[in-house]
Amino acid sequence: MSIIKVNGVGKLYRTKEIETTALENVNFTIEKGEFVSIMGPSGCGKSTLLNIVGLLDKPTTGTVEVAGTTTEGMKDATLAAFRNANIGFIFQSFHLIPSLSVADNVELPLTYRKGVSARERSEKVREVLESVGLSHRMKHYPSQLSGGQCQRVAIARAIIGNPEIILADEPTGNLDSKMSAEIMEILHRLNREDGRTIMMVTHNEAQAEETDRVMRFFDGRQIF
């Protein structure tokens with residue numbers, strides 16, 4: 001069953017003097033439970049594509065269907081709620097809030113959901129931090145953690161709302177080889193055991209080859 005459908009997607013960035021094509025006529029389908037890698041040189045449109053699939057940006061042309069829903073024309077509030085329920089994000093630079101504890105960073109996505117009590121949020125925070133091996137760091141702050149630990153916190157935050165889809169943009173880009181291997185092991189477990197669909201941008205050929213499929217891009221076009 002398809003969980004992501006991208007049809008004829010293009011993205012143009014315009015200024016008064018120049019027009020830049022970031023993506024051109026991109027078409028693909030990702031099945032539920034797939035782990036797909038996106039590869040290509042810097043500036044080829046990989047992160048732009050991830051932002052469009054993640055509903056953080058809108059295509060100039062074409063449509064995106066996520067979890068059986070066409071998001072074109074959705075109002076911002078509806079789009080935000082849909083994104084929160086269906087998609088978890090993992091970024092290269094972690095995007096943790098320095099002034100919040102580990103527990104509070106992880107809890108953030110649930111604070112935007114109606115009907116989830118403080119007790120339920122607290123229980124879920126402990127559960128997902130245990131799943132990434134960091135329940136003993138709940139009261140620490142990002143500055144007190146290593147890069148690998150920060151990325152584990154980011155993964156816990158991404159999965160706390162139980163999204164079907166995880167979008168990861170260079171999730172090991174700032175980590176050494178040992179930490180990178182640990183993060184990839186967690187992602188593979190989320191895919192294999194929890195059945196989450198993962199779409200990952202990476203420059204690491206070895207990591208990409210361990211996923212179900214590799215899609216390659218060059219100058220905004222999908223080449224295979």
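Residues numbered from 1 in each chain as written. Predicted model: local features only at pLDDT ≥ 70, side-chain atom pairs only at ≥ 80, totals over all residues. Heavy atoms only, no water.

What to know about helix H1 (residues 46–53)
Then step 1. Most of H1 is tucked away: six of the eight residues are buried.
Then step 2. Lys46, Thr48, Leu49, Leu50, Ile52 and Val53 are the residues of H1 that are buried.
Then step 3. Trailing H1 by a residue or two, Leu55 shows a phi angle of about 65 degrees, which is positive. (Buried < 20%, exposed > 50% of the residue type's maximum accessible area, 1.4 Å probe, protein only. Helix = DSSP H or I, 4+ residues; strand = E, 2+ residues; numbered from the N terminus.)

A word on helix H5 (residues 147–159)
Then step 1. For H5, built from 13 residues, the straight-helix expectation of 18 Å at 1.5 Å per residue is met to within 8% by its first-to-last C-alpha distance of 19 Å.
Then step 2. Of all 13 residues that make up H5, twelve are buried, and the element is covered over most of its length.
Then step 3. For H5, every residue scored as buried is listed here: Gly148, Gln149, Cys150, Gln151, Arg152, Val153, Ala154, Ile155, Ala156, Arg157, Ala158 and Ile159.
Then step 4. Buried residues along H5 sit in contact with strand E6 (87–91), helix H3 (102–111), helix H4 (118–131), strand E7 (165–169) and helix H6 (177–192). (Expected span 1.5 Å × (residues − 1). Contact = heavy atoms within 4.5 Å.)

Points about the packing of aromatic side chains
Then step 1. Evaluated as defined, the whole model comprises one aromatic pair.
Then step 2. A ring pair is formed by Phe89 and Phe91, whose centres lie 6.0 Å apart and whose planes are at 5 degrees; its orientation type is stacked.
Then step 3. The class of Phe89 is buried, set by a relative accessible area of 16%.
Then step 4. Residue Phe91 is classed as partly exposed on the basis of its relative accessible area of 21%. (Phe/Tyr/Trp six-rings, centres within 6.5 Å; stacked < 30°, edge-to-face > 60°.)

Looking at the sheet that holds strand E8 (residues 197–201)
Then step 1. The strand order across the open sheet formed by six strands is E6-E7-E8-E3-E9-E10, and the pairing between neighbours is mixed. The strands lining the two open edges of the sheet, one partner per strand, are E6 and strand E10 (221–222).
Then step 2. As judged from the five bridges shared by E7 and E8, these two strands associate in the parallel manner. Each bridged residue has a counterpart across the sheet, and for Leu167 the counterpart in E8 is Met199.
Then step 3. Packing against the sheet, helix H2 (residues 76–86) makes contact with E6 and E7, and its axis sits at approximately 75 degrees to E6. (Pairing = 2+ DSSP bridges. Axes fitted to C-alpha atoms, helices over the stretch in contact; angles between N-to-C directions.)

Considerations on the pairing of E8
Then step 1. Of all five residues in E8, five are buried, a share of seventy percent or more.
Then step 2. Here E8 shows a buried face lined by Thr197, Met199 and Val201 and a second buried face lined by Ile198 and Met200.
Then step 3. The pairing of strand E3 (residues 35–39) with E8 spans four bridges and is classified as parallel. Residue pairing across strands places Ser37 opposite Met200, the latter belonging to E8.
Then step 4. For the crossover from E7 across H6 to E8, the handedness is right-handed. (Right-handed = clockwise from strand over helix to strand, strands pointing away.)

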